[in-house]
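Coordinates in review
Residue-level listing of the chains:
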Amino acid sequence: MSAFRVTWAVVLICVVCVADGNAQFPPDSLKNLKVLPADITPRELIGVMRTFAGGLGVRCQFCHIGEEGQPLEEFDFVSDDKETKRKAREMIEMVRAINETHLANLDGRSDPPIIVGCETCHRGVSKPERIQDILLATVNQHGTDSAIAEYRQLREEHYGGFAYDFSERMLMLMGNDLVRGADGSGDQQRRLDGAVAMLSLNLEFYPESGFTHFILGEAHRLRGDTTDAIASFEQALEIMPGNQLAEQRLHQLRGN
């Protein structure tokens, strides 16, 4: 296999299989190839497709006309009717430009060179979104309870993999963004309620996160919940002795 084909097998970013419409799989010949090498063989193409599927966590019907459980020889791999297939070609062109133009022109590039691939952005999911963006959108559209339920579901399905960041830092920073209004919303009360809920959720999994306790104290303070704010700042100070910001907040709230 040529070096060009090896590169494609590793770096292409979306499923874009284009095979003969005959009732045979693998087909004897390929049709409608637009961005893949014209001389790629059906067997080589199948290998590329498997790379795509693994990178996006999808199956053939994500880009091609067919149904789960349907024999592959009955799929219409030639058709360009699905939007996902048309987008895939754009992604292929983008990845090729990144690897062969932008990265290739970097000074002091490593050998062997680092390249981007399906998993670089997609991480095994079809839509390459950060979990904090997913949750913030849910908070804004459906409320905090829905966001918490979504987080629990995503954590149950993906924890231990690399699809989403379930570390202590993620919900902590999301709560901080809500406290500061970094989500772009002008509804302060909704933002602070969301921050309290998401930071409390983080403490369920990371009870010794001192910074989470501190940011939670800030959310309580801005909501006017003095008793809860003091309790959160005290917990933060217990975990992070000598934290001056926590000490300052406690002095302010206690009036001494």
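Our subject is the structure listed above.
Below or above, wherever it landed, is the structure these notes cover. (Residues numbered from 1 in each chain as written. Predicted model: local features only at pLDDT ≥ 70, side-chain atom pairs only at ≥ 80, totals over all residues. Heavy atoms only, no water.)

The next thing to look at is the packing of helix α10 (residues 226-239) against helix α11 (residues 244-254). Between α10 and α11, the least distance of the axes is 9 Å, while the angle of their chain directions is 150°. Classified by the angle their axes make, α10 and α11 are roughly antiparallel. Pair α10 / α11 crosses with left-handed handedness. The segment α10 lies against α11, with Thr226, Ala229, Ile230, Phe233, Glu234 and Leu237 engaging Ala246, Glu247, Arg249, Leu250, Leu253 and Arg254. Looking at the contact of α10 with α11 residue by residue, the class counts come to 7 nonpolar, 1 polar and 4 charged. (Axes fitted to C-alpha atoms, helices over the stretch in contact; angles between N-to-C directions. Helix = DSSP H or I, 4+ residues; strand = E, 2+ residues; numbered from the N terminus. Parallel < 35°, antiparallel > 145°, perpendicular 65-115°, else oblique. Left-handed = near helix turned anticlockwise from the far one by under 90°. Contact = heavy atoms within 4.5 Å. Nonpolar A, V, L, I, M, F, W, Y, C, P; charged D, E, K, R; others polar.)

Next up on the list: the state of the cysteines. Scanning all chains against the criterion turns up 0 disulfides. The thiol of cysteine 121 is unpaired, and the distance to the nearest cysteine sulfur, on cysteine 118, comes to 9.9 Å. With a relative accessible area of 39%, cysteine 121 lands in the partly exposed category. (Disulfide = S-S within 2.5 Å. Buried < 20%, exposed > 50% of the residue type's maximum accessible area, 1.4 Å probe, protein only.)

What follows is about unusual backbone geometry. Of the consecutive residues aspartate 111 and proline 112, the connecting peptide bond is found in the cis state with omega at 5°. Tracing the backbone shows proline 112 in the loop between α3 (83-102) and α4 (118-121). The residue asparagine 32 is not glycine, and still its phi comes out positive at about 65°. Residue placement: asparagine 32 occurs in the loop between α1 (3-11) and α2 (42-56). Even without being glycine, arginine 123 reaches a positive phi, approximately 55°. Secondary-structure assignment places arginine 123 in the loop between α4 and α5 (131-142).

Here we take up the side chain of arginine 123. For the buried residue arginine 123, which engages in no salt bridge, the nearest side chain bearing the opposite charge is glutamate 129, 7.9 Å off. A polar side-chain atom of arginine 123 sits 2.7 Å from the main-chain carbonyl oxygen of cysteine 121. Only 2.5 Å separates the side chain of arginine 123 from the backbone oxygen of alanine 163, close enough to count as a polar contact. In contact with arginine 123, not counting residues within four places along its chain, are Gly55, Cys118, Pro128, Glu129, Arg130, Phe162, Ala163 and Tyr164. (Lys, Arg positive; Asp, Glu negative; His and termini not counted. Salt bridge = Lys/Arg side-chain N within 4 Å of Asp/Glu carboxyl O. Polar contact = N/O pair within 3.5 Å; in protein donor to acceptor, adjacent residues only side chain to side chain.)

Now for the packing of helix α7 (residues 168-180) against helix α8 (residues 188-205). With their axes 8 Å apart at the nearest point, α7 and α8 run at an angle of 165° to one another. Classed by the angle they form, the pair α7 and α8 counts as roughly antiparallel. Every pair of crossing elements has a handedness; the one defined by α7 and α8 is left-handed. Contacts between α7 and α8 pair Glu168, Leu171, Met172, Met174, Gly175, Leu178, Val179 and Arg180 from the former with Arg191, Leu192, Gly194, Ala195, Met198, Leu199, Leu201 and Asn202 from the latter. A per-class count over the contact of α7 with α8 returns 10 nonpolar, 3 polar and 3 charged.

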